Every structure is written in C-alpha cells, then in structure tokens.
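Residues per chain are reported as follows:
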Amino acid sequence: MLTSHDVSSLVVDKLCDQEREQNTAVTCFYFDFAARKEHSVTNMLGSLLKQIVGGMAKVPGEISRAFQEQRMAIGGRGLRLPDIVKMLQTITSSLRTFVCIDALDECAPVHRVKLLDSLRQILEKSPRTRICIIGRPHIRAEVEKRLAGRVISVSVGTSRDDITEYIRVRLGEDGTPDAMDESLAADIMEKIPENVSEMYVGQGHRESFPTLFC
Amino acid sequence: MVDGIDLPSPYASTDMCEASFMPRDPRFSSAALLQLPGDPSTGHNQRLLLYNSAGSKDRKMSQPTAGSSTNFSNNSNSFNNVWNNYTVADDRSQLLAWLSPLEPKLRHRDIQEHRIDNVGEWLMHTEEFRSWHGWHGCHGEGEGDNGVLFCYGAPGVGKTFIR
C-alpha cells in the first residue's frame, strides 16, 4: 500500500510546497522496469535538466547555444552524457536543486553505475544539490559506495498511522456500503492495524516496519 | 546547410502568401518577392519569413505599419518581428524536447492522483530527512556533506498486502 511511488511523489510535493517561495528547483524521475530501454542515463538526466530549464523564465545561454549549434549538424544531434552532466553542474551551482529519483533498483545495472557516477560528479561541483533516492535495500551498498560519504540511509516502511489512514479512506470508498455497518467498520479499524503491526514487531521496529513496499 | 531546414517548396510559400496575405496588403508580399530572386544568399531566409508570416496571419502582419509602403527596411523589420515572436515559443519547446523525450512530470501527476493524503508523511519528520534537507538550520541551508538521502524499503511484501 505504501509504494515507493507514494514516497517519491510525497517527497516531491512536500518539497514543492516548502520551496515555492524560495529560488529552488524540484525535479523528479520515476524509473520503471518496463521502460528500461527508454530510461537511459542520457534521457533520464536530460529530463532533469528539462524540468529545471522548463521552470526558468529564460533558457541559460550555454544550453541555448548548444541547442543552436547541434542544429547545424545534419539531422540535428542529441546530447551526450558528458554535455548533460556539465550543464547540470553549471545550472545546479546557481540554482538550488532537489532531485527525487524513484525505484532506482528498476534502472538497468549498467545504467545505474553511470547514473550514480554522474550524480557524484554533479554533487562534487554543486554540493548544495539535494538528491533523494528511493529503492529496494539490495542496491543500498551500491548507492553508498558510488556516492561515498554523501549518503544518509533511512528505512521507509508503513507506520500504524499510515495503515489506519489507508483503511479509513478505503472504507469511505466502499462500493457496497449496505454490507458495512458501524460496528464492522470500527472492528476493521481496530483489528487490521493491530494485526499488521504484530506481524512485524519481531523485526525490531517500533513505530514503523520496512514492509508494504513495492 | 540551408537545405537542412525543413521548408515547404518556394512555390508553396508564395501561394500561401498570396492566398492569405497579399490581398490585404500587397506591399508586403511584393516587397518580399522582389527580394527573393535578387539576393541568393538571403533568398532562402526570406522565403522562410514569408512562410511563417503567412502562417501567423492573426499577428501584426494584418496591420500595415504607417509609412512602410516606401521603406523596405521597415517591412523587413516587421517580418523579423513576427519571425521572432513566432519562433521564441516554438524554439523553447523544441529545445526542451531535445534535452529529453521523457516527461517525468506527467508520471508524477498520475501517481499523485492515486496517493492517499498524509500516508508516509512521518518521513518528513525524521532526523535523517531534516538533516538531508537542511530544515531548521541543521546544516545551514543544507550545506552539509550529506547530499543524498537513500530511502529503502523491503521488497516482496507490497501492494497486494492489503489491497
């Protein structure tokens, strides 16, 4: 029920709310196993750049010039990874930027290596940049290694409050209200969060447990 | 290089000009047509301008500028104004598409719609998140070394759990 998408989109929205008044850019990317081919590092980082530039009143000269120059080539020419990294380094140095990357584990491993290296290069030039990565634990070691010394890791699970809230909303959307009465609803609200929590108490988490995550 | 630009044939552009524009103010098109064969180096550009001005007939071009009938440079400026107006927005969307064909904002909107409010919000209140973000001056304005927040959740037990 609490999916990585939910966490990512929540973080993005909260950042957007917080940063509205500030001079900052909030960008996001959702990896998807089914779209592995299209989600190359170039396209992915290009899309971050696209979101930043799309929010600016004026396209930065460096990017505008590169765009005009490539048009001189027959059929135009796409951006190369080093160009994009350089542009991102420049733009994030002058504009505080948040990047939220969802489901990094669904990015092809060969692309992931390149992506993490590119992110490291960006952070080296622009240390104020903030990157939030959401993924399954098996890539944790890889993320921490490639972005050495810059990573805080946090376990994301579903809290009991999350479950209560989820059930409350779902009961409200019940398509067969005749089958539900107040005491049954109250029973569900009480028993399900309780039982779900109990199942994970053994995992050593008090308020939250690292499950219900996909 | 000029041949690389995607243009209709010169005949087509002249036709468009005459059909939509010339009857209103013949001075513009005749001036431009005079320019076409006279200057081979810029001729192609002039055709481009003609094509675009004909395409944006609701803009300035329908209002003849005072004193432009005898002064070709005024006409030319007027064409260029339209050309610039026409291409700024167009160029911007082309540039954005060139940066990447992907549209993650659309995906975000889709996910946002299906999310239940407040679920997962506790993450924002964790020390890790605050420290990463730099809220409440943890690291000045997020100037600390920890530029990356990695949120991990266990696989396997997921969407199907309660749904």
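Definitions and limits used
- Residues numbered from 1 in each chain as written.
- Chains lettered and ligands numbered in written order.
- Predicted model: local features only at pLDDT ≥ 70, side-chain atom pairs only at ≥ 80, totals over all residues.
- Helix = DSSP H or I, 4+ residues; strand = E, 2+ residues; numbered from the N terminus.
- Buried ≥ 20, exposed ≤ 12 C-beta atoms within 10 Å, placed from the backbone.
- Contact = placed C-beta atoms within 7 Å.
- Pairing = 2+ DSSP bridges.
- Axes fitted to C-alpha atoms, helices over the stretch in contact; angles between N-to-C directions.
- Nonpolar A, V, L, I, M, F, W, Y, C, P; charged D, E, K, R; others polar.
- Core = buried A, V, L, I, M, F, W, Y, C linked by C-beta atoms within 7 Å.
- Expected span 1.5 Å × (residues − 1).
- Arc of directions from axis to C-beta.

Undergrad: Tell me about the overall build of chain B, and please be specific about residues and values.
TA: Of the regular secondary structure elements, chain B holds 6 helices and 1 strand. Overall, chain B shows an N-to-C arrangement of helices and strands of α-α-α-α-α-α-β. By the burial criterion, 24% of the 163 residues in chain B qualify as buried. A separation threshold of at least 6 residues defines the contact pool for chain B, and within that pool the share at least 24 residues apart is 47%.

Undergrad: Now, about the sheet that holds strand 1 (residues 24-30) of chain A: what can you tell me, with residues and values included?
TA: Overall, parallel pairing links the 5 strands, which are arranged 1(A)-2(A)-3(A)-1(B)-4(A) in an open sheet. Edge strands, defined here as strands with exactly one partner in the open sheet, are strand 1 and strand 4 (151-155) of chain A. Direction aside, neighbouring strands of the sheet carry axes that sit 15 degrees apart on average. As judged from the 7 bridges shared by strand 1 of chain A and strand 2 (residues 96-102) of chain A, these two strands associate in the parallel manner. Paired with Tyr30(A) across the two strands is Asp102(A), which belongs to strand 2 of chain A. Contacts from helix 1 (residues 4-19) of chain A reach strand 1, strand 2 and strand 3 (130-135) of chain A together with strand 1 (148-152) of chain B, with the element oriented near 170 degrees to strand 1 of chain A.

Undergrad: Could you give me a rundown of the packing of helix 2 (residues 41-54) of chain A against helix 5 (residues 109-125) of chain A, with the residues and numbers involved?
TA: All names here are of chain A. Helix 5 packs onto helix 2 with a crossing angle of 35 degrees between their chain directions and a minimal axis gap of 9 Å. The residues of helix 5 that touch helix 2, namely those facing Val41, Met44 and Leu45, are His111, Lys114, Leu115 and Ser118. Counted by class, the contact of helix 2 with helix 5 contains 4 nonpolar, 2 polar and 1 charged residues.

Undergrad: Residue-level account of the nonpolar core, with values.
TA: Core analysis: the largest hydrophobic core is formed by 56 residues, its most contacted members being Leu49(A), Leu88(A) and Ile133(A). Tallying contributions element by element places helix 2 of chain A first for this core, with 7 residues. Those residues in contact with Leu49(A) that sit more than four places away from it in its chain are Ile84(A), Met87(A), Leu88(A) and Leu99(B).

Undergrad: Residues and numbers for helix 5 of chain A, please.
TA: Residue and element names in this part refer to chain A. In this model helix 5 runs 25 Å from its N-terminal to its C-terminal C-alpha over 17 residues, within 8% of the 24 Å that 1.5 Å per residue would give. Taken together, the buried positions of helix 5 are occupied by Arg112, Leu115, Leu116, Ser118, Leu119, Ile122 and Leu123. The arc that holds every buried residue of helix 5, seen down its axis, measures 165 degrees, which confines them to one face. In helix 5, the exposed positions angled more than 90 degrees off the buried face are occupied by Val110 and Glu124. Those residues of helix 5 hidden inside the fold are in contact with helix 2, helix 4 (81-94), strand 3 and helix 6 (140-146).

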